[in-house]
Amino acid sequence: QLAFSSHHRTMALKSAAFFDLMADGIKSQGADLVKKVNGVIQFNVTPGGVWSIDLKNGSGSVTAAAAPKADLTITISDDDFVALSQEKLNPQQAFMQGKIKIKGNMGLAMKLQTVMKAARGANPALEAKAKALASGGGGGAAAGGGSKLKSAPIFDQIEAGIKAQGADLVKKVNGIVRFDVDGENFTIDLKTPGGAFRRNADGKADLTVTVSDDNFVALQAGKLNPQQA
């Protein structure tokens, strides 16, 4: 049975409408999601919002409160959560950029998109409301460095993440990855102190990935599995 409390909810947050969507999705698909996910996820949405998604007990629930015992706690800004819900931000990409802070079961974090997908289409009226609320939010894509590739805004986001979190990412990754995408290349240097991002530059990479523009976009949107690709 769905338990969704509005007590203490920060209604000013744009993400509130997306949690309503997830509540509807869990209401219709909860039992199946519990089998797939088997965990309790708490979202700390800055500034000031807390929601818990229980996909471990019964047929699932969404509550606007902290979980008594969460298997995974995710801290994320309101704007970034909206982008995540709209598939404009990939969970793994967001983590690499420092936009998501994760504490707990990392395996459960990999199932996050399963939860998000359950919400989409569950209630068309609510989805329209959520999109309308989100439309006033920031987070628009950058110009892509003059590139016409559809993947360019994604690389812009990666570049911004490196500028903000480069030193920490270098400690975690310690490698240089080059993406060759339909005649252009993008180098993510997480080995040089502070990190760096380069477009269409020569240089030695520890890993070179050749992928089409469409497939890179699908990969980042979680619509294409890296192993299958």
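These figures come from a predicted structure and were not determined experimentally. Starting afresh in each chain, residues are numbered from 1 along the sequence in its written order. In keeping with the predicted nature of the model, local features appear solely for residues at pLDDT of at least 70, side-chain atom pairs appear and are counted solely at 80 or more, and the whole-chain, interface and lining totals rest on all residues. Hydrogen atoms and water are omitted, and side-chain values are computed over all heavy atoms in the structure.

Student: It is not clear to me how the overall build of the protein chain should be interpreted in this structure. Could you clarify?
Tutor: The helix count covers DSSP runs of H or I at least four residues long, the strand count covers runs of E at least two residues long, and both are numbered beginning at the N terminus. Counting its secondary structure elements, the protein chain contains eight helices and nine strands. Three exposure classes are used, based on accessible area relative to the maximum for each residue type with a 1.4 Å probe and protein chains only: buried under 20%, partly exposed in between, and exposed over 50%. Taking all 229 residues of the protein chain together, the buried fraction comes to 45%. A sequence separation of at least 24 residues applies to 66% of the contacts in the protein chain between residues at least 6 apart. Of the roughly 11,700 Å² that the protein chain leaves accessible, carbon and sulfur atoms contribute 53%. In what follows, a contact means two residues having at least one pair of non-hydrogen atoms within 4.5 Å. Reported accessibility uses the Shrake-Rupley method at a 1.4 Å probe radius. Residues are deemed covered only where the shown protein chains occlude them.

Student: What is the right way to read the sheet that holds strand E6 (residues 175-181) from this model?
Tutor: Within a sheet, neighbouring strands are paired by backbone hydrogen bonds and run either parallel or antiparallel to one another. DSSP-based pairing: two strands are paired if at least 2 bridges between them are found. With respect to topology, four strands assemble into an open sheet ordered E8-E7-E6-E9, the strand pairing being mixed. At either end of the open sheet lies a strand with only one pairing partner, and these are strand E8 (196-199) and strand E9 (207-211). When the angles between neighbouring strand axes are averaged without regard to direction, this sheet yields 15°. Pairing between E6 and E9: five bridges, direction parallel. Residue pairing across strands places Phe179 opposite Val209, the latter belonging to E9. Note on geometry: axes are C-alpha line fits, over the in-contact stretch for helices, and angles between N-to-C directions span 0 to 180 degrees. Along the sheet, helix H7 (residues 152-173) contacts E6, strand E7 (184-190) and E8; its crossing angle with E8, the most-contacted strand, is approximately 140°.

Student: Explain unusual backbone geometry here, please?
Tutor: Along the chain, Thr46 connects to Pro47 via a cis peptide bond; the corresponding omega equals 5°. Even without being glycine, Asn174 reaches a positive phi, approximately 55°. If you check the backbone angles, Asp182 has positive phi at about 45° while not being a glycine. Relative to the assigned elements, Asp182 resides in the loop between E6 and E7.

Student: What's the story with the side chain of Thr187 in this structure? I'm lost.
Tutor: With respect to the secondary-structure elements, Thr187 resides in strand E7. Leaving out residues up to four positions away in the same chain, Thr187 has contacts with Ile176, Val177, Arg178, Ala196, Phe197, Arg198 and Ala201.

Student: Is there a simple way to think about the pattern of salt bridges in this case?
Tutor: A side chain of one charge can pair with a side chain of the opposite charge when the charged atoms of the two come close. We define a salt bridge as a side-chain nitrogen of Lys or Arg found within 4 Å of a carboxyl oxygen belonging to Asp or Glu. Tallied over the entire structure, the rule returns 11 salt bridges. Note that Lys163 is salt-bridged to Glu159, the shortest N-O span being 3.9 Å. Note that Lys163 and Glu159 are positioned in helix H7 at a spacing of four residues, about one turn of the helix. Judged by its relative accessible area of 68%, Lys163 falls in the exposed class. Of the charged contacts in the structure, one is a salt bridge between Asp168 and Lys172, with a shortest N-O distance of 3.3 Å. Here Lys172 and Asp168 lie together in helix H7, a separation of four residues that amounts to about one turn. The structure contains a network of salt bridges with shared partners spanning Asp156, Glu159, Lys163 and Arg199.

Student: Explain the nonpolar core to me, please; I cannot follow it from the model alone.
Tutor: Burial of nonpolar side chains together is a common tendency in soluble globular proteins. The set of buried Ala, Val, Leu, Ile, Met, Phe, Trp, Tyr and Cys residues whose side-chain atoms join them within 4.5 Å is what this entry labels a nonpolar core. In terms of nonpolar packing, the biggest core is built from 32 residues, with Phe19, Phe43, Ile53 and Ile74 touching the most fellow members. Breaking this core down by element, the ones donating at least two residues are helix H1 (15-37), strand E1 (39-46), strand E2 (49-55), strand E4 (72-77), helix H2 (78-85) and helix H4 (106-109). At 10 residues, the largest contribution of residues to this core is made by H1. Dropping the residues within four chain positions of it, Ile74 is found in contact with Ile41, Gln42, Phe43, Asn44, Ile100, Lys101, Ile102 and Leu112. Residues Phe155, Phe179, Phe186 and Val211 belong to the second largest nonpolar core, which totals 16 residues.

Student: Just to check I follow, could you spell out the packing of aromatic side chains for this structure?
Tutor: Two aromatic rings, taken as a pair, are described by how far apart their centres are and by the angle between their planes. We call Phe, Tyr and Trp rings a pair once their centres come within 6.5 Å, taking the six-membered ring for Trp, and we label the pair stacked below 30 degrees between planes, edge-to-face above 60, and tilted otherwise. Scanning the model with the defined rule gives 10 aromatic pairs in all. Where Phe179 meets Phe216, the ring centres are 5.3 Å apart and the plane angle is 75°; that geometry is what we call edge-to-face. One end of the pair, Phe179, is in strand E6; the other, Phe216, is in helix H8 (residues 213-220), with 37 residues separating them in the sequence. Taking relative accessible area as the criterion, Phe216 reaches 1% and is therefore assigned buried. Ring-pair connections join several aromatic residues into one group, and the members of that group are Phe155, Phe179, Phe186, Phe197 and Phe216.

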